Amino acid sequence: MKLNSYDEWSQLREVIVGSAANYTSHERELSFDYFFLDNLKVRSEWYYPRVSSATAPDNESGRKQLSIKQRYVEELNEDVDGIVSTLQSLGVKVHRPLELDPSTTEVETLAWRAAVIPALNVRDMSLVLGDEMVETAPMLRSRYFETKLLTPIFADYFRKGARWSAMPRPIMTDSSFDPSYAQLNDGGLMESIKNPRSSPYDVGFEIMIDGAQCLRLGRDVLVNVSTENHAMAYTWLQRHFEGRFRFHRIDRLTDSHIDSMILALRPGTLLIRSERVADYLPAPLQKWELIVAPEPKENSFPSYQSDDLVLTSLYIDMNVLSVSPEMVMANVDSPEIIRLLERHKFTVVPVRHRHRRIFGGGFHCVTLDTVRDGGPEDYL
């Protein structure tokens, strides 16, 4: 089928499901700490002294490799295979990224080098708007070339008539990142935010944003903007899609991704983390049915050890995937979410995804819908 995806809820026909093959570790460095700031700061055992700008070795910027237990990776692979099988059983065509070659351990640019991770949370690095695929400007150095693992899929859609574009690739020196949100919410975590290393490639703040900062509603797209990097990306989207889509800026709803804060389940119905989310929404959306997610329970998640780095809040299970306006895929380990959605007349397909907090994404994160039945409708 040709690329066609305008919203989050219409009948799903084709989707990309990420791959966790050869996922071995997280690497903490400047861009990682910026991105996961809100969750890292509440786990004080993970505070560690930053390497100062005066003493950091060349190109290292305080890098710290944190291994992931192989058991978690094996169980993640089992669960991703289950997601694929469930979608296929529902008549959805599933595409998969190229697997990360285990010999590819690092990427290096003019300004830095970083460890590489596979294309697992494919929602993050790309944005599908109608008949166009946009490779967004990465915020994490380790994910700089991640969309290259989607190239065969994107190329096939391009041959069938899709548009294919990419935001300008940032140089991503330490000074490329707007520190204002981090400084307001830091709590003493990152020395290098206050003292970024200088580089001959410094150009000021750059365009950086993830596709998961956008909520698609036909011709209308909500965009969470928390930094100048996001604001530049928002402007790029406005200019690039002028006359085709309308973009609505939401300021600092959260640090970056909004799909564990708000999801559109069908026309007229939103799933939101808390009632305060409504205050950030455009007036027409405040009149929609707002389903407030239940308080998550700690026992819905695996127990982790002190050396396991947890990357998401307990609200990750509201990160559901709509298969149609009536059907939603949700985590089997979150019965509160399942019961809530069923009370609102959704058919819920329960699927297992155990280590979503370790790997930073739920069902919406690990999927990128490329073909849905919906079109450029007006909802705002």
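I will try to describe carefully the structure that is included in this document.

### Let's talk about the overall build of the chain
For step 1, the next point in the chain: If you tally the helices and strands in the chain, you get 10 helices and 19 strands.
For step 2, the next point in the chain: Here the C-alpha radius of gyration of the chain, 20 Å, is about what a compact globule of 380 residues would show, namely 21 Å.
For step 3, the next point in the chain: Judged by the C-alpha coordinates and their principal axes, the chain covers about 60 × 45 × 40 Å.
For step 4, the next point in the chain: By residue count, 62% of the 380 residues in the chain fall in the buried class.
For step 5, the next point in the chain: Sequence-distant contacts in the chain: of pairs separated by 6 or more residues, those separated by 24 or more amount to 76%.
For step 6, the next point in the chain: Accessible surface, the chain as shown: approximately 14,800 Å² in total, 49% of it carbon and sulfur.
For step 7, the next point in the chain: Taking the average place of the 43 positive charges on the side chains of the chain and the average place of its 54 negative ones, the gap between the two points comes to 2 Å.

### Looking at unusual backbone geometry
For step 1, the next point in the chain: Of note in this structure, R252 is not a glycine but carries a positive phi near 55°.
For step 2, the next point in the chain: Mapped onto the secondary structure, R252 falls in the loop between β12 (246-251) and β13 (262-266).

### A word on the state of the cysteines
For step 1, the next point in the chain: Under the criterion given, the structure shown has 0 disulfides.
For step 2, the next point in the chain: Here C214 is not cross-linked by a disulfide; its sulfur's nearest cysteine counterpart is in C365, at 13 Å.
For step 3, the next point in the chain: Among the residues examined, C214 registers a relative accessible area of 7% and is labelled buried.
For step 4, the next point in the chain: On the basis of relative accessible area, C365 is assigned to the buried category, the value being 4%.

### Here's the deal with the pairing of strand β8 (residues 132-135)
For step 1, the next point in the chain: Burial of β8 is two-sided: the residues E132 and V134 facing one way and the residues M133 and E135 facing the other way are all buried.
For step 2, the next point in the chain: Across 4 bridges, the pairing between strand β7 (residues 126-129) and β8 is antiparallel. Residue pairing for β8: L127 is matched across the bridge by V134.
For step 3, the next point in the chain: Remark: 2 residues form the turn of the hairpin made by β7 and β8, two consecutive strands paired antiparallel; G130 in that turn has positive phi of roughly 70°.
For step 4, the next point in the chain: Pairing analysis gives 4 bridges linking β8 to strand β9 (residues 163-166), with the strands arranged parallel. In the sheet register, V134 faces β9, and the bridge partner there is S165.
For step 5, the next point in the chain: Crossover handedness for the path β8 to helix α4 (residues 151-159) to β9: right-handed.

### Considering the sheet that holds strand β1 (residues 12-17)
For step 1, the next point in the chain: In space, the 3 strands of this open sheet follow the order β4-β1-β19, with mixed pairing throughout. Each having just a single partner strand, β4 (93-95) and β19 (367-372) make up the two edges of the open sheet. Ignoring which end each strand starts from, the neighbouring axes of this sheet average 25° apart.

### Here's the deal with the sheet that holds β9
For step 1, the next point in the chain: Read across the sheet, 3 strands follow the order β7-β8-β9 without closing on themselves; strand pairing throughout is mixed. Strands with a single pairing partner mark the edges of an open sheet, and in this sheet they are β7 and β9. Between one strand axis and the next, the sheet turns by 20° as a mean value, whatever way the strands run.
For step 2, the next point in the chain: With respect to the sheet, helix α7 (residues 228-240) is in contact with β7, β8 and β9, its orientation differing from that of β9 by roughly 150°.

### Considerations on the packing of aromatic side chains
For step 1, the next point in the chain: This structure, assessed with the given rule, holds 14 aromatic pairs.
For step 2, the next point in the chain: Centre to centre, the rings of Y72 and Y304 are 5.4 Å apart; their planes meet at 85°, and the pair counts as edge-to-face. Separated by 232 residues along the polypeptide, Y72 in helix α3 (residues 70-89) and Y304 in the loop between β15 (289-292) and β16 (321-324) bring together distant segments of the chain.
For step 3, the next point in the chain: An angle of 80° between the planes, with centres 5.9 Å apart, marks the rings of F154 and W164 as edge-to-face. Of this pair, F154 sits in helix α4 while W164 sits in strand β9, placing them 10 residues apart in sequence.
For step 4, the next point in the chain: Looking at F154, the relative accessible area reads 0%, which means it is buried.
For step 5, the next point in the chain: Grouped by ring-pair contacts, the aromatic residues Y6, F241, F245 and F247 constitute a single cluster.
For step 6, the next point in the chain: Sitting over the face of the ring of Y144, R169 holds its NZ or CZ atom 5.3 Å from the ring centroid.
For step 7, the next point in the chain: The lysine or arginine in question, R357, covers the ring of F301, its NZ or CZ lying 5.6 Å from the ring centre.

Procedures and definitions
- Residues numbered from 1 in each chain as written.
- Predicted model: local features only at pLDDT ≥ 70, side-chain atom pairs only at ≥ 80, totals over all residues.
- Heavy atoms only, no water.
- Helix = DSSP H or I, 4+ residues; strand = E, 2+ residues; numbered from the N terminus.
- Rg over C-alpha atoms; globule rule 2.2 N^0.38 Å.
- Buried < 20%, exposed > 50% of the residue type's maximum accessible area, 1.4 Å probe, protein only.
- Contact = heavy atoms within 4.5 Å.
- Areas by Shrake-Rupley, 256 points an atom, 1.4 Å probe, with all protein chains shown as cover.
- Lys, Arg positive; Asp, Glu negative; His and termini not counted.
- Charge placed at Lys NZ, Arg CZ, Asp CG, Glu CD.
- Disulfide = S-S within 2.5 Å.
- Pairing = 2+ DSSP bridges.
- Right-handed = clockwise from strand over helix to strand, strands pointing away.
- Axes fitted to C-alpha atoms, helices over the stretch in contact; angles between N-to-C directions.
- Phe/Tyr/Trp six-rings, centres within 6.5 Å; stacked < 30°, edge-to-face > 60°.
- Lys NZ or Arg CZ within 6 Å of the ring centre and 35° of its normal.

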